[in-house]
Amino acid sequence: MSEGSPLPAHVPADRVRDFNVWAPPGFERDVHGAWKALQDGAPDVVWTPRNGGHWVALRASAIKECFEDYTRFSSRCILVPKEAGESFQWKPVTLDPPEHAPYRIHLTAAFAPKAFRPYEPRIRDIARQLIESFRERGRCDFQSEFGEKMPIMIFMEIMGLPLEDAWTLKGWSDRMTRRVDDDAGDVTQAFDSYLRPHVRARRDGSGSDAITALVNSRVGGERITEDDGVILVTSALQAGLDTVANFLGLAFTHLARFPELRRQLVADPALIPAAVDEFLRRYSVITIGRKIVEDTQLGGVELKAGEMIVLPSMLVGLDERANPDPDTIRLGRKGASEAAFGGGAHRCPGERLARRELAIAVEEWLAAIPEFALEPDVTLTYQTGVVPVATSIPLCWDVATTRPAA
Ligand code: HEM
């Protein structure tokens, strides 16, 4: 073994692959290609000595089994190295059922279609306003001028927080999702100091924002404590600020590279939700872990209680055993297997909101800027972590082919 922790006696040598899940080889140019290269030809479950030594599930069936079975694969620790993961304890993200359910129920309600539907016209307005800010320039940096701004502006409105604080919150969120070795305690403390006055002010409030709904939730008949209110809101912000933003970058990079797909969607916008489904399958973003709570078998190998296993959600959609020709975006693909939003008890409660934001972004963009491409000679560069991101996505278009965002 070249580097990292010693190999435990029960780990067969042919299961060992020496790679860092937070920086798979080649990720700077192509995050999904880097993960796919690790999947190709490897066993379903492998061991890496990096980040304290842990398992990695590389195939759709093994990844889904871990997401769905909390009795063997616990959320009590979801990051590697395990020491870093154990310092990160947020409700309901790091609770297992049954403790998880009473908290989770409120997140599900706060981000259900019934709750976010009134914001839909505003989501569209925000998309149009951003597009108009650069359309006549004939170019933009997609990530900083649209991909990051749109979901954050929407999310701050839904939460009922001042827009001017968005970039501070995004900075803390980035520290958690890209620098997993960072001190989770610092970030939790920063969110706590910022959110506590907002939470306190909304206890007993009658506002329609998501914070008011979350901090007045009842668990077992009792209103949740102020501390739990702060941590529920922190979890929602952490999970909702970064994910849609980074995913939008991947989807629009694909649209820039594949003009035929783009033209098909311009000609028939009713196909856009199907395209979003395929983007989510092809470009899933989250890499998350689970702690093994009992000695068990997975993918033909023995896992021991106390060890960690990492689940790269992108490898579900990219697994050719589950999805034939997985690299291709195929509208109307039947029975696609994906785990973009995870699975089991922790499946993302923001899924419906995220899908709606993604569809509206594509609809509004293609209506205003139907023809666009990556700037010539540009090489995109990615950062990895729990959620990977392209740091900059320079797009260009002929202004004559555009029309004002309505
Ligand atoms: C494309 C966008 C998104 C993706 C790909 C995504 C993905 C995921 C995944 C994979 C999980 C499961 C994590 C695990 O099993 O440990 C998750 C959980 C979660 N997501 Fe999302 N998410 C997205 C958007 C959002 C949004 C907009 C919100 C806003 C409310 C949100 C809130 C949450 C929360 C609170 C959890 C924790 C749920 C729990 O532990 O029960 N997500 N998300």
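Residues numbered from 1 in each chain as written. Predicted model: local features only at pLDDT ≥ 70, side-chain atom pairs only at ≥ 80, totals over all residues.

Trainee: Tell me about the overall build of the protein chain, and name the residues and values.
Mentor: For the protein chain, the helix and strand inventory stands at 16 helices and 14 strands. Along the longest, intermediate and shortest principal axes, the C-alpha atoms of the protein chain span 65 × 55 × 35 Å. Counting over 406 residues, the protein chain shows a buried share of 46%. (Helix = DSSP H or I, 4+ residues; strand = E, 2+ residues; numbered from the N terminus. Buried ≥ 20, exposed ≤ 12 C-beta atoms within 10 Å, placed from the backbone.)

Trainee: Before we move on, could you go through the packing of helix 6 (residues 120–132) against helix 8 (residues 149–159) and cite the residues and values that matter?
Mentor: When two helices pack together, you describe them by how their axes are tilted relative to each other and by the distance separating the axes. Remark: helix 6 packs on helix 8, axes separated minimally by 10 Å, with the N-to-C direction vectors making an angle of 145°. Along this stretch, helix 6 crosses helix 8, giving a crossing that reads as right-handed. On helix 8, the residues that touch Arg-122, Ile-123, Ile-126, Ala-127 and Leu-130 of helix 6 are Lys-149, Met-150, Met-153, Ile-154 and Glu-157. Here the residues of the contact of helix 6 with helix 8 are counted per class, giving seven nonpolar, no polar and three charged. (Axes fitted to C-alpha atoms, helices over the stretch in contact; angles between N-to-C directions. Left-handed = near helix turned anticlockwise from the far one by under 90°. Contact = placed C-beta atoms within 7 Å. Nonpolar A, V, L, I, M, F, W, Y, C, P; charged D, E, K, R; others polar.)

Trainee: Which residues make up the nonpolar core, and what are the values?
Mentor: General note: in soluble globular proteins, nonpolar side chains tend to be found buried as a group. Grouped together as the largest cluster of nonpolar side chains are 116 residues, with contacts concentrated most on Ala-57, Ile-63, Val-233, Ala-251, Ile-309 and Leu-358. Counting residues per element, this core draws most heavily on helix 12 (residues 226–257), at 17 residues. For Ile-309, the contacting residues outside a window of four places in its chain are His-54, Trp-55, Val-56, Ala-57, Cys-66, Phe-73, Gly-289, Arg-290, Ile-292 and Leu-303. (Core = buried A, V, L, I, M, F, W, Y, C linked by C-beta atoms within 7 Å.)

Trainee: Before we move on, could you go through the sheet that holds strand 10 (residues 308–312) and cite the residues and values that matter?
Mentor: What the five strands build is an open sheet, ordered 1-2-10-7-3; its pairing is mixed. The open sheet has two edge strands with one neighbour each: strand 1 (45–48) and strand 3 (73–74). In the sheet, strand 7 (residues 287–292) pairs with strand 10 via five bridges, with the strands oriented antiparallel. Looking at strand 10, one finds that Ile-288 is bridged to Leu-311. Along the sheet face, helix 2 (residues 60–68) touches strand 1, strand 2 (54–57), strand 3, strand 7 and strand 10 and points at about 115° away from the line of strand 10. (Pairing = 2+ DSSP bridges.)

Trainee: If you had to explain the site of the ligand to someone new, which residues and values would you point to?
Mentor: Close contacts around the ligand come from 28 residues, with Ala-239, Gly-240, Gly-342, Cys-348 and Gly-350 the closest. Split into classes, the residues belonging to the shell around the ligand amount to 19 nonpolar, eight polar and one charged. (Near = placed C-beta within 6 Å.)

Trainee: Just give me the short version of the pairing of strand 10, but keep the residues and values in it.
Mentor: Most of strand 10 sits out of view: five of its five residues are buried. What you see with strand 10 is no split at all: Met-308, Val-310 and Pro-312 on one side and Ile-309 and Leu-311 on the other are buried throughout. Across two bridges, the pairing between strand 2 and strand 10 is parallel. Its bridge partner lying in strand 10, Val-56 is registered against Val-310.

Trainee: Please set out unusual backbone geometry residue by residue, giving values where relevant.
Mentor: Across the junction of Lys-91 and Pro-92, the peptide omega takes the value -5°, indicating a cis bond. Here Pro-92 lies in the loop between helix 3 (82–86) and helix 4 (100–110). The omega angle of the peptide bond from Pro-97 to Pro-98 is 5°, so this bond is cis rather than trans. Relative to the helices and strands, Pro-98 resides in the loop between helix 3 and helix 4. Here the phi dihedral of Asn-51 falls at roughly 50°; this positive angle occurs in a residue that is not glycine. With respect to the helices, strands and loops of the structure, Asn-51 is situated in the loop between strand 1 and strand 2. You will see that Asp-325, though not glycine, has its phi angle at about 50°, which is positive. You can see Asp-325 is positioned in the loop between helix 15 (314–317) and helix 16 (351–368).

Trainee: I'd like a rundown of the sheet that holds strand 11 (residues 373–374), residues and numbers included.
Mentor: Taking strand neighbours across the sheet as the criterion, the three strands line up as 4-14-11 in an open arrangement whose pairing is antiparallel. Looking at which strands have only one partner, the edges of the open sheet turn out to be strand 4 (139–141) and strand 11. In the sheet, strand 11 pairs with strand 14 (residues 394–396) via two bridges, with the strands oriented antiparallel. Its bridge partner being in strand 14, Ala-373 is matched across the sheet by Cys-396.

Trainee: A description of the environment of Pro-388 should follow, citing residues and the corresponding values.
Mentor: Residue placement: Pro-388 occurs in the loop between strand 12 (382–383) and strand 13 (389–390). Leave out the neighbours within four places in its chain, and Pro-388 touches Val-31, Asn-246, Val-285, Tyr-382 and Gln-383.

Trainee: Which residues make up the packing of helix 6 against helix 16, and what values do they have?
Mentor: One can describe the packing of helix 6 onto helix 16 by two numbers: an axis separation of 9 Å at closest approach and a directional angle of 40°. Put simply, helix 6 runs oblique to helix 16. As helix 6 runs across helix 16, the sense of the crossing is right-handed. Counted together, Ile-123, Arg-124, Ala-127, Arg-128 and Ile-131 of helix 6 and Glu-357, Ile-360, Ala-361, Glu-364, Trp-365 and Ala-368 of helix 16 form the full contact between these two elements. (Parallel < 35°, antiparallel > 145°, perpendicular 65-115°, else oblique.)

Nothing here speaks to function; it is all geometry.
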